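Each chain, letter by letter, is given below.
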Amino acid sequence: KAVARQCRNGGFANSAVRCCTADSFDVGALPNEPLLVLCIATAGKGEFCGNGRNFYEKLAARADELKGALANTKYAVFGLGDSHYWGKGTEESRVNFAKPARELDALMESLGASRLIPTGFGDDQDVDQYHTGFGEWKTQLYSKLGVDSTTAAAGDDDGPVKSDEVIKIETNQLRGTLKAALDDITTGQVPFHDTKVIKFHGSYQQDDRDLREERAKLGIEHAFSYMIRVRLPAGYCTAEQWLAMDETCGKYANGTLKITTRQTWQLHGVVKRDVKNTMRAINRACMDTLAACGDVCRNVMCTTNPTVCSRKVMDEIVAYTYAIHDHCLPRTGAYHEIFLMHGDEMAEKTQIMGSTPLEEEALYGKTYLPRKYKIAVAIPPCNDVDVFAHCAGFIAIIKNNRLEGFNVTVGGGLGFTHNNQKTHPRLADVIGFCEPKDAKYVAEAIMVTQRDFGDRTNRKHARVKYTTEDYGPTWYREQVEKVLGKKLGEPKPYKFESRGDLYGWHQTDDGLWHCGCLVPIGRVKDHWRQGLGKIAEELKGGGGFRMTCNQQVLIADVPTSKKAAIQSLLDQYKIAHSNETTHSGMRRNMVACVALPTCPLAFAEAERYLPTLVGKLEGILENCGLKERDIVIRMTGCPNSCGRPSMAEIGFIGKAPGTYNMYLGGDFVGQRLNTLFAESVTEDQIIERLTPLFKKYSTGREKDEAFGDFLVRTGVVKPMVAGRHWWTIPEV
């Protein structure tokens, strides 16, 4: 895309410059092409990437036909690879590095085409990954094409892509052209700058990657759709709101609800013409999606386990969770204008925000935050929210059935980039203690410190965790106290004992019942959707639901008079909620992100694959006498780590289709990162490597020793003492 844009900017006619996937190119038309520029990535063990494999195979199959016919065709190839993918300095890594690009270069030459410039290579092991090699290669290419000095945009071209910081400034407090773009029925997508804006309103533009190749061959655009995420502080909804979301997902989305690791719902597969209607349906149920995504304070999470404290204290902590969340919301009226202002009934209303000469965002300013800001509230001894994985955290300190306040954490975050050693996961530091009434102001102070000191030049270095790492937790505490106008107290003692969800029936001191249910990977579909919908009907006017941070659901506030009816529905619709029906301790503790086919960042499967892998591991665990043993296993399709795999006892992070990096040794309560154990493993290799470890654990563990702790104690992996060592602590 960068090459195509530069050529158009340099005077080439728009119609003369085409940019497409290799597989969508007609090999038979190659003799008519004066110049072909090919950028080829490497997948798996020196294999062609998914959208280039067919191109190469067809080209090779027609080699005899095309030989000699490409005398007037010039070509240039740039290959991307990882020189350490199969181990540093190994023969496999040398042979397979950018192998598809080298093979394609040789094939084009053998067919009689002329190499315009030497083939270039981008290595993931370089400090800035492929950019070093690409920069050198494109300089030669642009010079040969005579477009090296151009900066002006050609007619009808979008011009240079603007940075997120520029887009935030230019979109008039998150308005952009989104309102009009969503009404444009000629395309399923919105302009690039509006894809950035819509995130702040709780939605991402996506497409079905399973259909890309087919649609490219047909010459039509991707199957675009929108993921819409609801704002649901503490994960609570009423029975009526559940029913409204059930109706909405059936009417406008793909017929499923996705419970996320941020304790809320996502809708998938909403086409552009239905985005506004979906937002309005959510609004009618007294919910919205404002700030569920984007460079703002995201959905604030809170422990769901109702047995960790009295009902009075739980309600108090949930109320503070709401207060933190509401205090840190953006104040722009853009959401209301774009999605809710419609129809005759709205015409009589007076628009306040946005109609005044100046609209102020007191906390965010015009540029909002450098990156997203995540907050979690944990209630010991349960750390189901993974409080140390977030930008900011509040650990409730309860004594004699009274909430004394919160320990404050800062600087957590798990996302990183494969082979970019400037990025790494990090667990938060405890920097102090605050009184309950100050919690929302402390959250604000942490946020505005990041607003003012966070890195806005590099989004990969723009999270709170890097600011904390660069300046230190002591400095961050000083900045928070300066904004707060008072000193934080010293942290108080606490202890976490678990981070899993509650399953089965439990009664709280107010006489109400709660039932934790297993919804595999949080996907509410089929009999889970039917059964939970029936339960919501039964609970109308009283009970509700709480989403958990482990992608499960808690049926909440069930009076004794309705408990038998709810149990009957659980049985009828086969909704797992007990040790017997949840199959295994590993299945109760599995978490995965959505990944393919809708996430544009995924390298590999996660949600669609992890249950299958767990099913195969369960047989091994049963043979080892470990079937009921709780073991935390998590998988994500990419290192952005939405499923928090870096904190799992067994973690998988996708590198390519069917290939994962395998991490072991996270602790059971979420206070230690795991360590890289094996790179680029497939299913057979995963099972082969885990089987002997399960056998050793079954016979060699100490009393109540968790799997991750066992692996560290026995030297299977070294403990990850700090995120900064993510790249330097290897497998043992």
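Data block above holds the structure.
Let me begin by describing the structure that accompanies this report. (Residues numbered from 1 in each chain as written. Predicted model: local features only at pLDDT ≥ 70, side-chain atom pairs only at ≥ 80, totals over all residues. Heavy atoms only, no water.)

## Overview of the overall build of the chain
Here is step 1: Each helix and strand counted, the chain has 24 helices and 25 strands in total.
Here is step 2: Taken over the C-alpha trace, the chain has a radius of gyration of 27 Å; the compact-globule value for 732 residues is 27 Å, and the two agree within 12%.
Here is step 3: Seen through its principal axes, the chain has C-alpha atoms that stretch 85 × 70 × 55 Å.
Here is step 4: The burial tally for the chain puts 58% of its 732 residues in the buried class. (Helix = DSSP H or I, 4+ residues; strand = E, 2+ residues; numbered from the N terminus. Rg over C-alpha atoms; globule rule 2.2 N^0.38 Å. Buried < 20%, exposed > 50% of the residue type's maximum accessible area, 1.4 Å probe, protein only.)

## Concerning the nonpolar core
Here is step 1: Formed by 104 residues in total, the largest nonpolar core has its most connected members in Trp265, Tyr373, Phe394, Phe545 and Ile555.
Here is step 2: Grouped together as the second largest cluster of nonpolar side chains are 42 residues, Ala602, Leu613, Tyr660 and Met662 included. (Core = buried A, V, L, I, M, F, W, Y, C linked by side-chain atoms within 4.5 Å.)

## What about the sheet that holds strand E13 (residues 392-399)?
Here is step 1: Reading across the sheet, the five strands line up as E11-E12-E13-E14-E15 and stay open at both edges, with mixed pairing between neighbours. Two strands lie at the open edges of the sheet, namely strand E11 (301-302) and strand E15 (429-434), each paired on one side alone.
Here is step 2: Note that strand E14 (residues 402-410) and E15 share five bridges and pair antiparallel. Residue Val410 lies in a different strand from E15, and its bridge partner there is Asp429.
Here is step 3: Sitting on the sheet, helix H16 (residues 439-453) touches strand E12 (375-378), E13, E14 and E15, and the angle it makes with E14 is about 5°. (Pairing = 2+ DSSP bridges. Contact = heavy atoms within 4.5 Å. Axes fitted to C-alpha atoms, helices over the stretch in contact; angles between N-to-C directions.)

## Some words on the side chain of Asp207
Here is step 1: Locating Asp207 in the fold gives a position in strand E6 (residues 203-207).
Here is step 2: Asp207 sits in the buried class, given a relative accessible area of 5%.
Here is step 3: A distance of 2.8 Å separates polar atoms of two side chains, one belonging to Asp207 and the other to Arg212.
Here is step 4: With sequence-adjacent residues up to four places away left out, Asp207 is seen in contact with Arg212, His222, Ala223, Phe224, Ser225, Pro597 and Thr598. (Polar contact = N/O pair within 3.5 Å; in protein donor to acceptor, adjacent residues only side chain to side chain.)

## A few points about the environment of Asp509
Here is step 1: Summarising the element assignment, Asp509 is placed in the loop between strand E16 (504-507) and strand E17 (513-517).
Here is step 2: Separated by 77 residues in the primary sequence, Asp509 and Gly432 place their C-alpha atoms 31 Å from one another.
Here is step 3: Setting aside residues up to four positions removed in sequence, Asp509 forms contacts with Ser310 and Arg311.
Here is step 4: Only 3.2 Å separates the side chain of Asp509 from the backbone nitrogen of Arg311, close enough to count as a polar contact.

## Let's talk about the packing of aromatic side chains
Here is step 1: Overall, the coordinates contain 29 aromatic pairs when judged by the stated rule.
Here is step 2: Relative to Tyr476, the ring of Trp475 has its centre 5.7 Å away and its plane inclined at 90°; by these criteria the two rings are edge-to-face.
Here is step 3: In this structure Trp475 comes out as buried when scored by relative accessible area, which is 16%.
Here is step 4: One aromatic cluster is present, built from ring pairs that chain together Phe78, Tyr130, Phe134 and Trp137.
Here is step 5: In this structure, Arg701 is placed above the aromatic ring of Tyr697, and the distance from its NZ or CZ to the ring centre is 5.2 Å. (Phe/Tyr/Trp six-rings, centres within 6.5 Å; stacked < 30°, edge-to-face > 60°. Lys NZ or Arg CZ within 6 Å of the ring centre and 35° of its normal.)

## Regarding the environment of Phe97
Here is step 1: Tracing the backbone shows Phe97 in the loop between helix H4 (91-96) and helix H5 (99-110).
Here is step 2: You can call Phe97 buried: its relative accessible area is 18%.
Here is step 3: Residues Phe97 and Ala69, 28 residues apart in the sequence, show an inter-C-alpha distance of 30 Å.

## Let's talk about the packing of helix H13 (residues 311-327) against H16
Here is step 1: Where H13 meets H16, the closest approach of the two axes is 8 Å, and the angle between their N-to-C directions is 40°. In terms of crossing hand, the pair formed by H13 and H16 is right-handed. Residue-level contacts link Ala323, Ile324 and His327 of H13 to Ala439, Lys440, Tyr441, Ala443 and Glu444 of H16. (Left-handed = near helix turned anticlockwise from the far one by under 90°.)

## Here's the deal with the packing of helix H22 (residues 610-623) against helix H23 (residues 683-700)
Here is step 1: At a minimum axis distance of 10 Å, the contact between H22 and H23 shows a crossing angle of 30°. Taken together, the axis directions place H22 and H23 in an arrangement best described as roughly parallel. Of the two elements, H22 crosses H23, and the hand of that crossing is right-handed. Only Glu683, Ile686, Ile687, Leu690, Thr691 and Phe694 of H23 make contact with H22, whose side of the interface consists of Leu613, Lys616, Leu617, Ile620 and Leu621.
Here is step 2: When its residues are assigned to classes, the contact of H22 with H23 shows eight nonpolar, one polar and two charged. (Parallel < 35°, antiparallel > 145°, perpendicular 65-115°, else oblique. Nonpolar A, V, L, I, M, F, W, Y, C, P; charged D, E, K, R; others polar.)

## With respect to helix H12 (residues 275-284)
Here is step 1: Burial runs high along H12: seven of the 10 residues are buried.
Here is step 2: Of the positions making up H12, those classed as buried are Val275, Lys276, Thr278, Met279, Arg280, Ala281 and Ile282.
Here is step 3: Where H12 is buried, its residues meet helix H8 (178-183), E6, strand E7 (224-229), helix H11 (239-252), strand E10 (265-270) and helix H14 (334-340).
Here is step 4: Phi turns positive, to about 65°, at Cys286, one or two residues after H12.

## Examining the sheet that holds strand E23 (residues 650-656)
Here is step 1: Here we have five strands laid out as an open sheet, ordered E21-E22-E23-E24-E25, and mixed in their pairing. The open sheet has two edge strands, strand E21 (590-592) and strand E25 (675-681), and neither has a second partner. Adjacent strand axes in the sheet meet at a mean angle of 15°, parallel and antiparallel pairs treated alike.
Here is step 2: Strand direction decides the pairing type here: E23 and strand E24 (residues 659-664), joined by six bridges, are antiparallel. Of the residues in E24, the one forming a bridge with Phe652 is Met662.
Here is step 3: Seen against the sheet, H22 touches E21, strand E22 (633-636) and E23 and runs at an angle of roughly 145° to E22.
Here is step 4: This element, H23, spans E23, E24 and E25 of the sheet and lies at about 145° to E25.

## Some points on the pairing of E24
Here is step 1: Most of E24 is tucked away: six of the six residues are buried.
Here is step 2: Every second residue of E24 is oriented toward a common face, with Thr659, Asn661 and Tyr663 on one face and Tyr660, Met662 and Leu664 on the other, all of them buried.
Here is step 3: Linking two consecutive strands that pair antiparallel, namely E23 and E24, is a turn of two residues; a positive phi of about 75° is found at Gly658 within it.
Here is step 4: Pairing of E24 with E25, which is carried by four bridges, proceeds in the antiparallel orientation. Residue pairing across strands places Tyr660 opposite Val681, the latter belonging to E25.

## Examining the side chain of Asp123
Here is step 1: Tracing the backbone shows Asp123 in strand E5 (residues 120-123).
Here is step 2: No salt bridge forms around the buried Asp123; measuring N to O, its nearest opposite-charge neighbour Lys655 is 9.9 Å away.
Here is step 3: There is a polar contact of 2.9 Å between the side chain of Asp123 and the backbone nitrogen of Gln125.
Here is step 4: Ignoring sequence-local partners within four residues, the contact set of Asp123 consists of Gly81, Asp82, Ser83, Phe97, Gln129 and Tyr130. (Lys, Arg positive; Asp, Glu negative; His and termini not counted. Salt bridge = Lys/Arg side-chain N within 4 Å of Asp/Glu carboxyl O.)

What is shown is where atoms sit, not what they do.
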